[in-house]
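Listed below are the residues making up each chain.
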Amino acid sequence: MTRAGAALLALASLVVPAGGAAALPAAPLAVVTTSRDLQALVEAVGGERVAVESLASPLQDPHAIEIKPAQLAQLKTAALLVRVGLDHEPWLRRALAALDGAPAPGGPRDLDLSRSVTLLQTETPRLRADAAPHVHGFGNPHYWLDPENARPMTAAIAAALTRLDPSARPRFEAQRRRFLERLDAGLLRWRAALASHRGARVVTMHDTWTYFAARYGLAIAATVEPAPGVPPSPAALGSLIERMRAAGVRVLVAEPYADPSLVHAIAARSGARAVALVPSVGGDPQAGDYLALFDLNVERLAAALDAAR
Ligand SMILES: [Zn+2]
């Protein structure tokens, strides 16, 4: 449901006299998510009972978002804020700190989904002299890219929505079950499509695909960024390209917002094939929801690995 529709419903429920409200559905819960991926999962569980807005656009670097004034107003009045957590959204902390009445971190209107999954790369040193704001300092935050993680994430979402609207619990549970059935079918599809590529070595621009690679047995031989958010020096780039050639790495994975001239230069000099994988729902017209995101990425990656053989 759109926000305008939600506002109309809210208005309607105000003018219906007591006792007559039963015929009208209650106003949907206003939920704000930090990404389209989380929005897709909240909508899968919440259905018509939620009106969800995402703060980040899927084609932006998710770690460097400028929140617009209208979004600040949505944050302030949200029944629930759903976020990736860790140090994924440094811009959110700043926005919340400056906003009276916004969901307080750790409070009843805040859902940090990083608490629902098993994190990878938690050994990263937390403090660095050259620290960019998003350094994966508490573990790798790109955990929604392991589709198995949708199971615990939607469980946490269902629990949070149920706390806000206990009477809708059966509906949330049924909608989550239907989503998980579709997810399970997807998991079989994706596993089959990548089965012959187990052990394949790829290089990635940012450490975005750690969870995805772990799920499908891919080896990330190197990451172009020496640390998250830090571009490589010319010397580091030269040595990376030498290592890619020596190790026979044939595929370079890039995000849609990666520096295209850098991607092109690495591909040209190493002989690797560059493939654009989409890290967020909506980042490509074919990645319209959470399951379509994996259908698209698995298809693109399998095609690139096949062509590189
Ligand atoms: Zn990152």
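What you are looking at is a predicted structure, and each value in this text was computed from that prediction instead of being measured.

Enquirer: Talk me through the sheet that holds strand β4 (residues 110-112); I want residue IDs and the actual numbers.
Expert: The strand order across the open sheet formed by four strands is β2-β1-β3-β4, and the pairing between neighbours is parallel. The open sheet has two edge strands, β2 (50-54) and β4, and neither has a second partner. Strand-to-strand, the axes of this sheet are offset by a mean angle of 20°, without reference to chain direction. In terms of strand pairing, strand β1 (residues 29-33) meets strand β3 (residues 80-83) through three bridges, oriented parallel. In the strand pairing of β3, Val31 is matched with Leu80.

Enquirer: Describe empty space enclosed by the protein, with residues and values.
Expert: Under the defined criterion, the tally for this structure stands at three cavities of 30 Å³ or more. Space inside the largest cavity adds up to approximately 90 Å³. Forming the boundary of the largest cavity are 14 residues, of which Ser35, Ser57, Gln60, Pro62 and Ser280 lie nearest the centre. Tallied by class, the residues present in the lining of the largest cavity amount to six nonpolar, six polar and two charged. Considering only enclosed or pocket space, the second largest cavity measures out at about 60 Å³ in volume. Among the elements of the structure, β5 (201-204) and α7 (210-216) are those that each provide at least two residues to the lining of the second largest cavity. Residue composition of the lining of the second largest cavity, by class: nine nonpolar, one polar and no charged.

Enquirer: Got a sec to walk through the confidence of the model for the protein chain? Specific residues and values, please.
Expert: With 88% of its residues at a pLDDT of 70 or more, the protein chain has an overall mean of 90. Considering only residues more than four positions removed or in separate chains, one finds that residues 10-21, a stretch of pLDDT under 50, has five contacts.

Enquirer: Tell me about the packing of helix α2 (residues 36-46) against helix α5 (residues 150-164), and name the residues and values.
Expert: At a minimum axis separation of 9 Å, α2 and α5 run at an interaxial angle of 60°. Judged on the interaxial angle alone, α5 and α2 are oblique. Two packed elements cross with a definite hand, and for α2 against α5 that hand is right-handed. Side by side, α2 and α5 meet where Leu38, Leu41, Val42, Val45 and Gly46 of the first sit next to Ala150, Met153, Thr154, Ile157, Ala158 and Leu161 of the second. Considered class by class, the residues forming the contact of α2 with α5 number nine nonpolar, two polar and no charged.

Enquirer: Pulling in residues and values, what's your account of the pairing of strand β8 (residues 273-276)?
Expert: Successive side chains on a regular strand alternate, one facing one side of the sheet and the next facing the other. With four bridges connecting them, strand β7 (residues 251-254) and β8 associate as parallel partners. Each residue of the ladder has a partner; that of Leu252, found in β8, is Ala274.

Enquirer: Residues and numbers for the pairing of strand β6 (residues 219-223), please.
Expert: The sheet contact formed by β5 and β6 spans four bridges and is parallel. Directly across from Val202, in β6, lies its bridge partner Ile220. Taken together, β5, α7 and β6 constitute a β-α-β crossover, and its handedness is right-handed.

Criteria and cut-off values
Residues numbered from 1 in each chain as written. Predicted model: local features only at pLDDT ≥ 70, side-chain atom pairs only at ≥ 80, totals over all residues. Heavy atoms only, no water. Pairing = 2+ DSSP bridges. Helix = DSSP H or I, 4+ residues; strand = E, 2+ residues; numbered from the N terminus. Axes fitted to C-alpha atoms, helices over the stretch in contact; angles between N-to-C directions. 1 Å grid on protein atoms, 1.4 Å probe; cavity = no way out; pocket = protein on both sides within 12 Å on 5 of 7 lines; lining within 4 Å. Points joined across faces, edges and corners; volume = space filled by probe spheres on them. Nonpolar A, V, L, I, M, F, W, Y, C, P; charged D, E, K, R; others polar. pLDDT = per-residue confidence, 0-100. Contact = heavy atoms within 4.5 Å. Parallel < 35°, antiparallel > 145°, perpendicular 65-115°, else oblique. Left-handed = near helix turned anticlockwise from the far one by under 90°. Right-handed = clockwise from strand over helix to strand, strands pointing away.

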